[in-house]
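Commentary on secondary and tertiary structure
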Amino acid sequence: MTLNIQLPDAEALLLTLEQKLAPFIQPKTAIVGIHSGGAWIAERLFPRLQSSHPGCSLELGMLDSSFYRDDYSQRGLHADTRPSQIPFDVEERHIILLDDVFYTGRTIRAAMNELFDYGRPASISLAVLVDRGGRELPICPQVAALQLDIPPDQKLQLSRDEHHQLQFSLEASA
Amino acid sequence: MHNPQLTKDGKLKHLLTTEGLPRAILNQILDTAESFVGVAEREVKKVPLLRGKTVCNIFFENSTRTRTTFEIAAKRLSADVITLNVGTSSQSKGETILDTIDNLTAMHADMFVVRHAESGAAHFIAQHVAPHIHVINAGDGRHAHPTQGLLDVFTIRRYKPDMHNLRVALVGDVLHSRVARSEIHALTTLGVPEVRVIAPKTLLPQHVEKLGVQVHHDMREGLKDVDVVMMLRLQNERMNGALLPSAQEYFKCYGLTPEKLAFAKPDAIVMHPGPMNRGVEIDSAVADGKQSVILPQVTYGIAVRMAVMSILAGNSE
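Conventions adopted
- Residues numbered from 1 in each chain as written.
- Chains lettered and ligands numbered in written order.
- Predicted model: local features only at pLDDT ≥ 70, side-chain atom pairs only at ≥ 80, totals over all residues.
- Helix = DSSP H or I, 4+ residues; strand = E, 2+ residues; numbered from the N terminus.
- Rg over C-alpha atoms; globule rule 2.2 N^0.38 Å.
- Buried ≥ 20, exposed ≤ 12 C-beta atoms within 10 Å, placed from the backbone.
- Contact = placed C-beta atoms within 7 Å.
- Pairing = 2+ DSSP bridges.
- Right-handed = clockwise from strand over helix to strand, strands pointing away.
- Expected span 1.5 Å × (residues − 1).
- Axes fitted to C-alpha atoms, helices over the stretch in contact; angles between N-to-C directions.
- Core = buried A, V, L, I, M, F, W, Y, C linked by C-beta atoms within 7 Å.
- Left-handed = near helix turned anticlockwise from the far one by under 90°.
- Nonpolar A, V, L, I, M, F, W, Y, C, P; charged D, E, K, R; others polar.
- Bend = angle between axes of the 7 residues up to and from the residue.
- pLDDT = per-residue confidence, 0-100.
- Parallel < 35°, antiparallel > 145°, perpendicular 65-115°, else oblique.

1. Here's the deal with the overall build of chain B
When helices and strands are counted, chain B shows eleven helices and nine strands. Against the globule reference of 20 Å for 317 residues, chain B gives a C-alpha radius of gyration of 19 Å, in line with a compact fold. Its C-alpha atoms put chain B at 55 × 45 × 40 Å along the principal axes. Classification of the 317 residues of chain B by burial places 46% in the buried group. Once local pairs closer than 6 in sequence are excluded, the contacts in chain B between residues at least 24 apart make up 77%.

Structural data, given as structure tokens:
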């Protein structure tokens, strides 16, 4: 039953997210994208936020939280893990985690656990393109470019083409 | 025939040998290890994947480096680790291998890391253990030492990422070397086009060319234009009878000196699985020189063993 859902325009949501994020940028801020969708968003937003906030010495990082996931004992290690890259000191930094779709909150839990193994941040905020509802943990995004209810049997998937343009698609969830 | 290392749906359950492992699994191990390299550079050098699991290192044959790196790898995955030097305990009192395994299973071990002087020991244990238990071969006789082979390949890939355009030379005691076998299988599966072995005839197994390698007996000819020089330890403790005239004679012909290394490409890397016999198979000027990546091999060994353990422990029937 995917016909009733209008697919969101990822590129338009990216602009909305950029505007909504602006008040969160302060000195000692880092944006950290979660692989893979969140990392694509972070790569796109970083240069724009950096030039609009020249005094803030903004930093960029990427996280792959596979080593911290709570479904490891059921599903094994994710076959497509990528190295996390946090090339700055996390200690006393304001971290903005970026992800494409917020759903159960389990990925964010894993990402926060990983982040704390790098040091003690001053704060962590969460920004996403779409909050699809269905959270299973007491975690919610501070910034969502769009709220959109998606039934549990559907997966909202972000992809990136060769020109680095982002688009959403709906798939039946596994 | 079913590969005893894989589950019914083709996932890695035990790591016994690199022989016959599909390229996709080798790549999964190497890619996952890439992610673990960064873990060692963080404030907290630990991830929670194996929390609540018990890893038993059972060393029927002595080893310091392999045992230590397996211990560190398991601890950095948050496992509880027990190391048994069985050579010095129960076996000397007459207990069989399977009795040792059964006792450790009764203590709720989840993974066995096994080193044994007999070829096939790890296979034998893997066939015997309960279905939820995973076995890693940490060296069995002359047969295989898959994690060492994989860490060598990982090191090569880090320094020379274009695996499809490489010449690799393995030098020395191929006959007694389980490392050489594990590495040759991994390199050929990953598509390295030219693997050479350089050794006197007495230190090469019969029909070694059937492994897909080129055979050389002369260093000048064998090292010409290679990208990677992998020195093998002269296995003194395995020598039965006179395969060599003397260590000095061996060094003269096959020891890696700066002069012989000059036959290889100028940016060739030099590797050694350790422990090194300085002045026998390798000159100190080379071992400590700019082209040596012998210590990075040790560091990467931990990441590769973390990758293997975390992939195995997540794959159950």
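2. A few points about the overall build of chain A
On a plain count of helices and strands, chain A comes out with four helices and seven strands. Scanning chain A from its N terminus toward the C terminus, one meets helices and strands in the order α-β-α-β-α-β-α-β-β-β-β. Compactness check: chain A gives a C-alpha radius of gyration of 16 Å against a globular reference of 16 Å for 174 residues, within 12% of the reference. Each of the three principal axes of chain A carries a C-alpha extent, and together these read 50 × 40 × 35 Å. By the burial criterion, 38% of the 174 residues in chain A qualify as buried.

3. As for the interface of chain B and chain A
Listed as interface residues are 16 residues of chain B and, on the opposing side, 14 residues of chain A. Secondary-structure elements contributing two or more residues to the side of chain B that touches chain A are α1 (23–39) and α11 (294–314) of chain B. Examining the composition of the side of chain B that touches chain A, we find that six residues originate from one element, α1(B), more than from any other.

4. Considering the pairing of strand β4 (residues 123–131) of chain A
Residue and element names in this part refer to chain A. Relative to β4, strand β3 (residues 94–102) is paired through eight bridges, and the arrangement is parallel. Within β4, the residue paired with Ile95 across the bridge is Ile124. For the crossover from β3 across helix α4 (residues 106–116) to β4, the handedness is right-handed. Taken together, the four bridges between β4 and strand β5 (residues 143–147) define a ladder with parallel strand orientation. Residue Val128 lies in a different strand from β5, and its bridge partner there is Ala144.

5. Quick notes on helix α5 (residues 146–159) of chain B
Quick reminder: α-helices carry 3.6 residues per turn. Residues three or four places apart thus point the same way. All names here are of chain B. Over its 14 residues, α5 runs 20 Å from end to end, which matches the ideal 20 Å to within 8%, given 1.5 Å per residue. Within α5, twelve of the 14 residues are buried, leaving the element largely enclosed by the surrounding structure. Listed as buried for α5 are Pro146, Thr147, Gln148, Gly149, Leu150, Leu151, Asp152, Val153, Phe154, Thr155, Ile156 and Arg157.

6. Notes on the sheet that holds strand β2 (residues 59–63) of chain A
All names here are of chain A. Here five strands make up an open sheet; going across it, the order is β2-β1-β3-β4-β5 and the pairing parallel. The sheet terminates laterally at β2 and β5, the two strands that pair on one side only. Strand-to-strand, the axes of this sheet are offset by a mean angle of 20°, without reference to chain direction. Contacting β1 (29–34), β2, β3 and β4, helix α2 (residues 37–52) runs over the sheet at an angle of about 150° to β1.

7. As for the sheet that holds strand β4 (residues 134–140) of chain B
Residues and elements named next belong to chain B. As summarised here, the arrangement of the four strands in space is β2-β1-β3-β4, forming an open sheet in which the pairing is parallel. Among the strands making up the open sheet, the edge pair consists of β2 (80–85) and β4. Across the sheet, the mean angle separating the axes of adjacent strands is 15° when strand polarity is ignored. Pairing of strand β1 (residues 54–59) with strand β3 (residues 111–116) involves five bridges; the strand directions are parallel. Considered in β3, the bridge of Val55 is made with Met111.

8. Some thoughts on the nonpolar core
Ranked by internal contacts, the top residues of the largest apolar core, which has 138 residues, are Phe112(B), Val171(B), Val228(B) and Val229(B). Residues in contact with Val229(B), not counting those within four places in the same chain, are Ala169(B), Val171(B), Leu223(B), Leu256(B), Leu261(B), Ala264(B), Ala268(B), Val270(B) and Met271(B).

9. Brief notes about unusual backbone geometry
That bond from His35(A) to Ser36(A) is cis: its omega, -10°, falls within 30 degrees of zero. Residues Gly274(B) and Pro275(B) are joined by a peptide bond in cis, for which omega reads -10°. As for its position among the elements, Pro275(B) is in the loop between β9 (269–271) and α10 (284–287). Unusually for a residue other than glycine, Ser78(B) sits at a positive phi of about 70°.

10. Quick notes on the packing of α5(B) against α11(B)
All names here are of chain B. At a minimum axis distance of 8 Å, the contact between α5 and α11 shows a crossing angle of 120°. Pair α5 / α11 crosses with right-handed handedness. Of the residues in α11, those touching α5 at Thr147, Leu150, Leu151, Asp152, Phe154 and Thr155 are Pro296, Gln297, Tyr300, Gly301, Val304, Arg305 and Val308. Looking at the contact of α5 with α11 residue by residue, the classes come out as seven nonpolar, four polar and two charged.

11. Overview of α11(B)
Residues and elements named next belong to chain B. Its 21 residues give α11 an end-to-end C-alpha distance of 31 Å, which sits within 8% of 30 Å, the value for a rise of 1.5 Å per residue. The sharpest bend along α11 reaches about 25° and sits at Tyr300. In terms of residue burial, α11 counts as a mostly covered element, since 17 of its 21 residues are buried.

12. Digging into the confidence of the model for chain B
Of all residues in chain B, 95% have pLDDT values of 70 or greater, and the mean over the chain is 93. Here the complex is predicted with pTM 0.93, and the ipTM for its interfaces comes to 0.88.

13. As for the packing of helix α1 (residues 10–21) of chain A against α2(A)
Residue and element names in this part refer to chain A. α2 packs onto α1 with a crossing angle of 50° between their chain directions and a minimal axis gap of 11 Å. As summarised for this structure, α1 and α2 are arranged oblique, according to the angle between their axes. Here α1 runs over α2; the crossing is right-handed. Listed contacts from α2 to Leu14, Glu18 and Leu21 of α1 are Ile41, Arg44, Leu45, Arg48 and Leu49. The residue inventory of the contact of α1 with α2, partitioned by class, reads five nonpolar, no polar and three charged.

14. A few points about the environment of Leu223(B)
Residue and element names in this part refer to chain B. Assignment of secondary structure puts Leu223 in helix α7 (residues 219–223). Leu223 sits in the buried class, given 23 other C-beta atoms within 10 Å. For the pair formed by Leu223 and Ser316, sequence separation is 93 residues and the distance between their alpha carbons is 44 Å. Dropping the residues within four chain positions of it, Leu223 is found in contact with Ala169, Ile198, Val229, Lys260, Phe263 and Ala264.

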